[in-house]
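Residue-level structure breakdown
Listed here are the chains, written in short residue letters.
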Amino acid sequence: MEIKDLKILLKDIVRELEKEVPYASAFAGSVTGRGIRVGTYEQNVSFQSPAKGVTLTAFTGSFFIEQSTNILTEESIRKCAAELLNTCRKEGIDKSAGLTPDPGEPCEKDFYGPLEIDPFSLKLEDLVEEARKKSESLKAMNEKIVNMMVNYRHEYRDELFVNRNKTLFQRLNTWTTVYYAILQDKGKNMPVYSGDSRLGGYELADSDPEEFQRTLQDGLHLLHAGRITPGTYDCIFSPELSGMFAHEAFGHGTETDMFLKERAKGAHYLNKKVAATAVQMFDNPSYEGISGSFFFDHEGKLSENTQIIKDGILVSGLTDLNSAMRLKMKRTPNGRRESYSHKAYARMTNTYFQAGHDTLEEMIKDIKHGFLVDHPTNGMEDPKGWGIQLEAMYAREIKDGKLTDNYFTPIIVTGYVPDLLNSITMIGDTLKISGLGMCGKGWKEWVKVTDGGPYLRLKARLA
């Protein structure tokens, strides 16, 4: 049975469950995908393990209980519902406890993401051949490229949410292209990569060639770059690094299930100043075409833009159904599952700083000595202590208001989140959002995210 065909059955099961429990819902999802990697010395095709199933959720008046099945027959799903209800009875159902999940406004709608060329309609050997041609053409750009890999990946998701008020279906197709090169000169190697991931299909296969050219030139500089002298500097973060900064600074720290666990310092700063007055930050799953976007979250909340920081003040966290109910906070569309077989958590989507009015040239011109930091590679935060660490491929020196050809690699950015945010003095006039990221909850529960921003000028400690 296909996911979309489960609407009537799941609606009926929700009605039956709610004869005894105060709230019930159902989520059904399927995912398939495949990846193609073609390089100078290798060729590989992989298939994502298909996952298809249903999760039924019941609220007892005190807590949520779930039961799942990957057998999509009416008999199996009704058996799953009976087992769930039996568990609820054993745990105790109390409709007078005073906690009631909000089922949301009534809505029945099907949503379809953008798709011009369905990758599954193309022969696998044709996709491999196109990747091979692209790999060869990119390798020919410079003799110092010793290995050039082109990675294509596409994923196909069907998702259905049902509760007493809502029947929502969405189909999302995601295409990812990554160009990965290994440069070599005089015995030294430097890996570099660029690419993007967006909602759509094979029409997105050709990633921006100018972006790869820029990445390639940076990599050539880094082949013989040295290490930076650790210290606090005037810095300009590239849009890509600004995105990672947004994701890590106010990522897990504003996911409000962490508030309930008392593991996020952000809980104590709501409606307080945490950044320079000009700073605006958002989490927006309705951002058109971006791979972290969707039409509704996995608990049935329709997508909308959430402002996290307004004029430097922390104004909102990111909620799921449980945390919004218990904390009496506004429900935001951030209840997300890795798949039907995983729990829903409050999670980021597309997180970014809003653009300002400054040009890059204006940011650079009065820096006596500082660095442009670019090409983020990894990041992490401590939501409870609000420490942050960002890793970047390089820092390029700025001296007397001009970029030099002095590069340093690799770079670690560390600091206390409010100190970094309050040190922002200039905000670039162009927003860029990148789509290659994934985000785990701790060490697991992976979901697709994007992040971005403009150029940011601030003070940061580099090492």
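**Section: the overall build of the chain**
From N to C terminus, the chain includes nine helices and 25 strands. Considered along the principal axes of its C-alpha atoms, the chain spans approximately 70 × 55 × 35 Å. Counting across all 463 residues of the chain, residues that qualify as buried make up 54%. Looking at the chain alone, contacts between residues at least 24 apart form 74% of all its contacts between residues at least 6 apart. One finds the centroid of the 58 positive side-chain charges in the chain at a distance of 3 Å from the centroid of its 65 negative side-chain charges.

**So, the pattern of salt bridges**
Between side chains of opposite charge, pairing is possible as soon as their charged atoms come close. With the rule as written, the count across this model stands at 37 salt bridges. Notably, a salt bridge pairs Arg-132 with Glu-129, separated by 2.3 Å at the nearest N-O pair. Within this pair, Arg-132 and its partner Glu-129 are both found in helix α3 (residues 124-139), separated by three residues, close to a single helical turn. Residue Arg-132 is classed as partly exposed on the basis of its relative accessible area of 28%. A relative accessible area of 30% places Glu-129 in the partly exposed class. Notably, a salt bridge pairs Asp-297 with Arg-331, separated by 3.0 Å at the nearest N-O pair. Of this pair, Asp-297 sits in the loop between β10 (281-283) and β11 (306-310) while Arg-331 is found in the loop between α7 (321-327) and β13 (335-336), placing the two residues 34 residues apart along the sequence. Taken as a pair, Asp-297 and Arg-331 share a single burial class, namely buried. In the salt-bridge network here, residues are joined through shared partners; they are Glu-211, Arg-214, Asp-218, Glu-240, Asp-374 and Lys-432.

**Some words on the sheet that holds strand β24 (residues 450-453)**
What the six strands build is an open sheet, ordered β12-β11-β10-β15-β24-β21; its pairing is mixed. Because the sheet does not close on itself, it has two edges, and the strands there are β12 (313-314) and β21 (432-434). The sheet contact formed by strand β15 (residues 350-353) and β24 spans three bridges and is parallel. Considered in β24, the bridge of Thr-351 is made with Asp-451. Lying over the sheet, helix α5 (residues 239-249) contacts β10, β15, β21 and β24, oriented at roughly 120 degrees with respect to β24.

**A few points about the side chain of Arg-347**
Checked against the element boundaries, Arg-347 lands in the loop between β14 (345-346) and β15. Of the polar contacts made by the side chain of Arg-347, one reaches the backbone oxygen of Cys-439; its length is 2.8 Å. Once you skip the residues sitting within four places of it in the chain, Arg-347 turns out to touch His-252, Glu-255, Asn-334, Arg-336, Cys-439, Gly-440, Lys-441, Glu-445 and Val-447.

**Structural notes on the pairing of strand β18 (residues 402-408)**
Of the pairings in the sheet, the one linking strand β17 (residues 387-399) to β18 comprises four bridges and is antiparallel in character. Within β18, the position partnered with Arg-396 by the bridge is Tyr-407. Joining the antiparallel neighbours β17 and β18 is a turn of two residues, in which Asp-400 adopts a positive phi near 50 degrees.

**What to know about the nonpolar core**
Judged by nonpolar contacts, the single largest core of 43 residues is most densely connected at Phe-237, Phe-245, Phe-250, Val-373, Ile-424 and Leu-462. Elements with a minimum of two residues in this core: β9 (231-237), α5, β11, β16 (369-382), β17, β19 (411-416), α9 (417-422) and β25 (456-462).

**A short note on the packing of aromatic side chains**
Counted under the stated rule, the structure contains 17 aromatic pairs. Their ring planes at 80 degrees and their centres at 5.7 Å tell us that Tyr-287 and Tyr-352 sit as a pair that is edge-to-face. Taken as a pair, Tyr-287 in the loop between β10 and β11 and Tyr-352 in strand β15 lie far apart in primary sequence, 65 residues in all. The cationic tip of Lys-343 hangs over the ring face of Tyr-345; the distance from NZ or CZ to the ring centre is 4.4 Å.

**What about the environment of His-342?**
Within the element layout of this structure, His-342 appears in the loop between β13 and β14. Between the alpha carbons of His-342 and Ser-68 there is a distance of 9.3 Å; along the sequence they are 274 residues apart. Apart from residues lying up to four places away in sequence, His-342 is in contact with Arg-337 and Glu-445. Looking at His-342, its side chain comes within polar contact range of the side chain of Glu-445, at 3.0 Å.

**Things to note about a positive patch on the surface**
On the surface, a cluster of positive charge is made up of Lys-261, Arg-263, Lys-343 and Lys-384. On the basis of relative accessibility, which here comes to 45%, the residue Arg-263 falls in the partly exposed class.

**With respect to α5**
The buried fraction of α5 is high, at eleven of eleven residues. Inspection of α5 places Pro-239, Glu-240, Leu-241, Ser-242, Gly-243, Met-244, Phe-245, Ala-246, His-247, Glu-248 and Ala-249 among the buried residues, and these make up the whole buried set.

**A closer look at unusual backbone geometry**
Of the consecutive residues Thr-409 and Pro-410, the connecting peptide bond is found in the cis state with omega at -20 degrees. Topologically, Pro-410 is positioned in the loop between β18 and β19. Unusually for a residue other than glycine, Glu-262 sits at a positive phi of about 55 degrees. Residue placement: Glu-262 occurs in the loop between α6 (257-260) and β10. In this structure Glu-262 comes out as exposed when scored by relative accessible area, which is 63%. Phi is positive for Asp-400, close to 50 degrees, though the residue is something other than glycine. Mapped onto the fold, Asp-400 is located in the loop between β17 and β18.

Cut-offs used in this document
Residues numbered from 1 in each chain as written. Predicted model: local features only at pLDDT ≥ 70, side-chain atom pairs only at ≥ 80, totals over all residues. Heavy atoms only, no water. Helix = DSSP H or I, 4+ residues; strand = E, 2+ residues; numbered from the N terminus. Buried < 20%, exposed > 50% of the residue type's maximum accessible area, 1.4 Å probe, protein only. Contact = heavy atoms within 4.5 Å. Lys, Arg positive; Asp, Glu negative; His and termini not counted. Charge placed at Lys NZ, Arg CZ, Asp CG, Glu CD. Salt bridge = Lys/Arg side-chain N within 4 Å of Asp/Glu carboxyl O. Pairing = 2+ DSSP bridges. Axes fitted to C-alpha atoms, helices over the stretch in contact; angles between N-to-C directions. Polar contact = N/O pair within 3.5 Å; in protein donor to acceptor, adjacent residues only side chain to side chain. Core = buried A, V, L, I, M, F, W, Y, C linked by side-chain atoms within 4.5 Å. Phe/Tyr/Trp six-rings, centres within 6.5 Å; stacked < 30°, edge-to-face > 60°. Lys NZ or Arg CZ within 6 Å of the ring centre and 35° of its normal. Patch = residues over 30% accessible without salt bridge, like charges linked within 9 Å, V, L, I, M, F, W, Y side chains within 5 Å. Areas by Shrake-Rupley, 256 points an atom, 1.4 Å probe, with all protein chains shown as cover.

Nothing here speaks to function; it is geometry throughout.
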